[in-house]
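# Topology and contacts: notes
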Amino acid sequence: MPAQILDGKETARAIRLELRDRVAVLREQRGKVPGLTAVLVGDDPASAIYVRNKEKAAREVGMEGTVHRLPSATSEEKLLAVVDRLNDDPAVDGILVQLPLPNQIDPNRVIDRVSPSKDVDGFHPENVGLLAIGRPRFASCTPLGVVELLRRHGIETKGKRAVVLGRSNIVGKPMALLLLQKGAFGDATVTVCHSASQEISEIVREADVLIAAVGRPEFVRGDWIKPGAVVVDVGIHRKEDGSLCGDVVFDEAAEVASWISPVPGGVGPMTIAMLLANTVASAEQSAGV
């Protein structure tokens, strides 16, 4: 039997409807409208699209979605000053600084400057540290979206062997930490593979749950997949013919796996949904809900 589809598009739509209700409660009972502000430096086309989609999604659930657009020549100090103003603005509940940044700006200094209580991207060292010790506040949106995608499809990871391909600070590392959290949708035995790992295909064949976030198009072949495994493909790449693909050869893997996420329509919509969820949670916390 071909694998069942982990439908991120429909799952994200359901989450957005739930968030709309939570935003309405905040507005009616506390007089507060959650505010998400993105900071975009430069005119990178892909970044501009990402920010525009996030702004639109925020407004669709009744939040305030705004964008600070700065020229590519913006200095690091000027960007930090913008972040400081947003940290001090009570109308702003979530701040995201769109990456990548121009070469003259150190992204770590900027990430560290965002208030941890408004770091809805989940990148601040304090939030990463809280996740590592099992007291998460905000987790990185893509791996959080993966966990939520599994949860809403009833796929428990407790006691399962999970393999994460990739060790980035944005996906791979927080993904591993989330899978280690206590509970039915954590409690996995986790292996992280990276560029220095050997015999990767053999390790992948042992996975009950595979999270592919290696950033290489169609890297994972179908014969790497354990029969009945759950495959979540985080990668997204544009092929020469203009079509999109992930880190996994979808058609091959779908013949072996029990569940698989498509590209597009899998993890991508969940990432934005989790950004909105983190922002609403931040607003609820500041409103005392």
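Residues numbered from 1 in each chain as written. Predicted model: local features only at pLDDT ≥ 70, side-chain atom pairs only at ≥ 80, totals over all residues. Heavy atoms only, no water.

### Some words on the overall build of the protein
Regarding its fold elements, the protein presents ten helices and eleven strands. For the protein, the C-alpha radius of gyration of 19 Å lies close to 19 Å, the compact-globule estimate for 289 residues. The buried share of the protein, reckoned over its 289 residues, is 50%. Considering only contacts within the protein whose residues lie at least 6 apart along the sequence, 72% involve residues at least 24 apart. Here the protein has roughly 13600 Å² of accessible surface; of this, 51% comes from carbon and sulfur atoms. (Helix = DSSP H or I, 4+ residues; strand = E, 2+ residues; numbered from the N terminus. Rg over C-alpha atoms; globule rule 2.2 N^0.38 Å. Buried < 20%, exposed > 50% of the residue type's maximum accessible area, 1.4 Å probe, protein only. Contact = heavy atoms within 4.5 Å. Areas by Shrake-Rupley, 256 points an atom, 1.4 Å probe, with all protein chains shown as cover.)

### Side note on the pattern of salt bridges
Inspection of every chain in the model, using the stated rule, returns 16 salt bridges. With a shortest N-O distance of 2.6 Å, Arg152 and Glu148 are connected by a salt bridge. In this pair, Arg152 and Glu148 are both assigned in helix 6 (residues 141-152), four residues apart and thus about one turn of the helix distant. Counted as one network, the salt bridges with shared partners bring together Glu18, Glu148, Arg151 and Arg152. (Salt bridge = Lys/Arg side-chain N within 4 Å of Asp/Glu carboxyl O.)

### A word on the packing of helix 6 against helix 10 (residues 267-286)
The N-to-C vectors of helix 6 and helix 10 enclose an angle of 105°; their axes lie 8 Å apart at closest approach. Between helix 6 and helix 10, the angle falls in the class roughly perpendicular. Here Cys141, Thr142, Leu144, Gly145, Val146, Glu148 and Leu149 of helix 6 come into contact with helix 10, specifically with Val267, Met270, Thr271, Met274, Leu275 and Asn278. Split into classes, the residues belonging to the contact of helix 6 with helix 10 amount to eight nonpolar, four polar and one charged. (Axes fitted to C-alpha atoms, helices over the stretch in contact; angles between N-to-C directions. Parallel < 35°, antiparallel > 145°, perpendicular 65-115°, else oblique. Nonpolar A, V, L, I, M, F, W, Y, C, P; charged D, E, K, R; others polar.)

### Things to note about the sheet that holds strand 6 (residues 189-193)
Overall, parallel pairing links the six strands, which are arranged 1-11-8-7-5-6 in an open sheet. Where the open sheet ends on each side, the last strands, each with one partner, are strand 1 (4-5) and strand 6. Pairing geometry for strand 7 (residues 209-212) and strand 8 (residues 230-233), over four bridges, is parallel. Directly across from Val209, in strand 8, lies its bridge partner Val230. Its contacts with the sheet place helix 7 (residues 172-180) against strand 5 (161-165), strand 6 and strand 7, and it is angled at close to 170° to strand 5. (Pairing = 2+ DSSP bridges.)

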